[in-house]
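Coordinate inspection notes
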Amino acid sequence: MSGSTLGKLFAVTNFGESHGPAIGCVIDGCPPGMALSVDDIQPDLDRRKPGTSRHVTQRREDDRVEILSGVYDGQTTGTPIALLIRNEDQKSKDYGNIADAFRPGHADYTYLQKYGIRDHRGGGRSSARLTAPTVAAGAVAKKWLKQKYGVVVNGYLAQLGENKIPFESLVHVHDNPFFAANATMIAELETYMDKLRKSGESCGARINVVASGVPVGWGAPIYDRLDAAIAYAMMGLNAVKGVEIGAGFASVEQLGTQHSDEMTPEGFLSNNAGGVLGGISTGQDITVSIAIKPTSSIRLDRQTINKAGESVVINTHGRHDPCVGIRATPIAEAYLALVLMDHALLHRAQNADVMVATPKIASSAATSSASTKGRADNHDPNEA
């Protein structure tokens, strides 16, 4: 199976299945000399892992990461870094009723048509379980980006189903099970999820991710655009059906005088571009928003077909997230960090010696209101 590697100079190859003995990744291209241990990686895996609240799947996985190679005497060596996460709580029998039928909205049908064989246990390779190695790799990228450039990546839940969540502060993200940057409507979100779970239904979500401290100049025109690489990576996250950079679809209703980010000697006056112009970073915050569809595995009856092409009714039992978006925030952060690190290395390889007389400018305080108009929240992209 091709398509399991993301990145060029910082390349991450993902392997494993949901109900196999282990999952993991190999990171190739990490620069040598960076201090790295499991303690740098485990916190983000703990944020993503299942069973952390009643609102997500109750599959119990410690998700303890093991570093198998690429680190010696506590430092990266520049050789491939192999990370392993063992599966410990598979319940394959829960998937017996879908061995010969296809879940609507899932990859069951397309996998069989493409490969002629599929692992129905937890979705096999199509399971969101495979995002854990990505989060582990993203933690490595986050550390390098922060040490080298001061880049910080933060994400938060901006909408849960029909519930838009007003942005208050990033300090709240770690204090609730939803990764919401809000402290006042958590009880409302919990009530909504309790009702949803009892009904057997599922819902979608919107996640916003912001990278602050990104220097001007990362990315390249045409095929190596930074925003294109971000969109490509984000669409690789399970259940993502839409990606916005900056103002996104709100730009359709804007006029040119509203959308174009004016510049002054003191900085940009807005950030509708989301920190990317012509595929190259502007030095402003990179702002990304993703739409996640409702979970396909639900226990309510739905029409489908079996392997023989016959009409059947299916419902999916077992342990599933009623909203996969709840645990998606650290995953989206990881994807953005991986893309940024790859482009940081690409920029360093070709353009590290480029010097121009024009001074670099940054975003101004006015950016916060102008860059988020039409969004599902009122996030200040300068707050990190």
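These figures come from a predicted structure and were not determined experimentally.

A look at the overall build of the protein chain
On a plain count of helices and strands, the protein chain comes out with eight helices and 19 strands. Expressed as a percentage of the 384 residues in the protein chain, the buried residues total 52%. Counted over contacts in the protein chain with a minimum sequence separation of 6, partners at least 24 positions apart contribute 71%.

Notes on the nonpolar core
Grouped together as the largest cluster of nonpolar side chains are 74 residues, with contacts concentrated most on Phe10, Ile27, Leu160, Ile290, Leu336 and Leu340. Per element, the largest residue contribution to this core is 12 residues, and it comes from helix H7 (residues 329-351). Beyond its immediate sequence surroundings of up to four residues, isoleucine 27 is in contact with Phe10, Ala11, Val12, Thr79, Pro80, Ile81, Leu83, Ala137 and Val140. Counting residues in hydrophobic clusters, the runner-up holds seven residues, among them Tyr156, Ala158, Phe167 and Phe179.

A look at the confidence of the model for the protein chain
Looking at the protein chain, the pLDDT average stands at 89 and 88% of residues meet or exceed 70. Of the regions scoring below 50 in pLDDT, residues 365-384 engages in 58 contacts with residues more than four places distant in sequence or in other chains.

Some thoughts on the layout of surface pockets
For the second largest pocket, the calculated volume is near 650 Å³. Along its surface, the second largest pocket is lined by 24 residues, and Val216, Gly217, His347, Val356 and Lys360 are the ones closest to its centre. A class-by-class count of the residues in the lining of the second largest pocket yields 15 nonpolar, seven polar and two charged.

Observations regarding the packing of aromatic side chains
Counted by the stated rule, this structure contains five aromatic pairs. For the pair tyrosine 111 and tyrosine 115, a centre-to-centre distance of 5.8 Å together with 65° between the ring planes defines the contact as edge-to-face. Here tyrosine 115 and tyrosine 111 lie together in helix H2 (residues 108-115), a separation of four residues that amounts to about one turn. Looking at tyrosine 111, the relative accessible area reads 21%, which means it is partly exposed. An aromatic cluster is built from Trp144, Tyr149 and Trp218, whose rings are joined through pairwise contacts. The ring of tyrosine 115 has lysine 114 lying over it, and the distance from NZ or CZ to the ring centre is 5.6 Å.

Topic: helix H4 (residues 186-199)
In a regular helix each residue adds 1.5 Å, so 14 residues correspond to 20 Å; H4 covers 20 Å between its end C-alpha atoms and thus fits that length. Buried residues of H4: Ile186, Leu189, Tyr192, Met193, Asp194 and Leu196, and no others. Within two residues after H4, glycine 200 carries a phi angle of roughly 85°, on the positive side.

Quick notes on the sheet that holds strand E11 (residues 216-219)
Strand order in the open sheet formed by three strands is E11-E16-E15, and the pairing between neighbours is antiparallel. The open sheet has two edge strands, E11 and strand E15 (276-277), and neither has a second partner. Judged from the two bridges that link them, E15 and strand E16 (residues 280-282) form a sheet pairing that is antiparallel. Each residue of the ladder has a partner; that of valine 276, found in E16, is serine 281.

Comments concerning the pattern of salt bridges
If you walk through the whole model with that rule in mind, you get 16 salt bridges. Between glutamate 333 and lysine 142 there is a salt bridge; the shortest N-O distance is 2.7 Å. In this pair, glutamate 333 is assigned in helix H7 and lysine 142 in helix H3 (residues 131-149), connecting sequence segments 191 residues apart. For the pair formed by glutamate 333 and lysine 142, the shared burial category is buried. Measuring nitrogen to oxygen at the nearest pair gives 2.6 Å for the salt bridge that ties arginine 206 to glutamate 244. Here glutamate 244 lies in strand E12 (residues 240-245) and arginine 206 lies in strand E10 (residues 205-212), a separation of 38 residues in the sequence. The same class applies to arginine 206 as to glutamate 244, namely buried. A single salt-bridge network, built from bridges that share partners, covers Asp44, Arg47, Lys142 and Glu333.

Description of unusual backbone geometry
With phi around 55°, aspartate 73 is a residue other than glycine that occupies positive phi space. Topologically, aspartate 73 is positioned in the loop between strand E5 (71-72) and strand E6 (75-76). A positive phi angle, near 60°, is found at phenylalanine 179, a position not held by glycine. Looking at where phenylalanine 179 falls in the secondary structure, it is placed in the loop between strand E9 (163-164) and H4. Among the residues examined, phenylalanine 179 registers a relative accessible area of 8% and is labelled buried.

Quick notes on H3
Taking 1.5 Å as the rise per residue, H3 with 19 residues should run 27 Å; its terminal C-alpha atoms sit 26 Å apart, in good agreement. Of all 19 residues in H3, 15 are buried; the element is thus mostly enclosed. Downstream of H3 by one or two residues, glycine 150 has phi in the positive range, about 75°.

Let's talk about the pairing of strand E17 (residues 286-292)
Summarising burial for E17: six of the seven residues are buried, a large majority. Pairing of E10 with E17, which is carried by seven bridges, proceeds in the antiparallel orientation. Of the residues in E17, the one forming a bridge with asparagine 208 is serine 289. Note: E12 against E17, five bridges, orientation antiparallel.

Notes on the packing of helix H1 (residues 38-48) against H7
To characterise two packed helices, one gives the angle between the axes of the helices and the distance between these axes. It is at 8 Å that the axes of H1 and H7 come closest, and there the two elements cross at 135°. What the angle tells us is that H1 and H7 run oblique. Mapping the contact onto sequence places Asp44, Arg47 and Arg48 in H1 and Thr329, Pro330, Ile331 and Glu333 in H7. By residue class, the composition of the contact of H1 with H7 is two nonpolar, one polar and four charged.

The rules we used
Residues numbered from 1 in each chain as written. Predicted model: local features only at pLDDT ≥ 70, side-chain atom pairs only at ≥ 80, totals over all residues. Heavy atoms only, no water. Helix = DSSP H or I, 4+ residues; strand = E, 2+ residues; numbered from the N terminus. Buried < 20%, exposed > 50% of the residue type's maximum accessible area, 1.4 Å probe, protein only. Contact = heavy atoms within 4.5 Å. Core = buried A, V, L, I, M, F, W, Y, C linked by side-chain atoms within 4.5 Å. pLDDT = per-residue confidence, 0-100. 1 Å grid on protein atoms, 1.4 Å probe; cavity = no way out; pocket = protein on both sides within 12 Å on 5 of 7 lines; lining within 4 Å. Points joined across faces, edges and corners; volume = space filled by probe spheres on them. Nonpolar A, V, L, I, M, F, W, Y, C, P; charged D, E, K, R; others polar. Phe/Tyr/Trp six-rings, centres within 6.5 Å; stacked < 30°, edge-to-face > 60°. Lys NZ or Arg CZ within 6 Å of the ring centre and 35° of its normal. Expected span 1.5 Å × (residues − 1). Pairing = 2+ DSSP bridges. Salt bridge = Lys/Arg side-chain N within 4 Å of Asp/Glu carboxyl O. Axes fitted to C-alpha atoms, helices over the stretch in contact; angles between N-to-C directions. Parallel < 35°, antiparallel > 145°, perpendicular 65-115°, else oblique.

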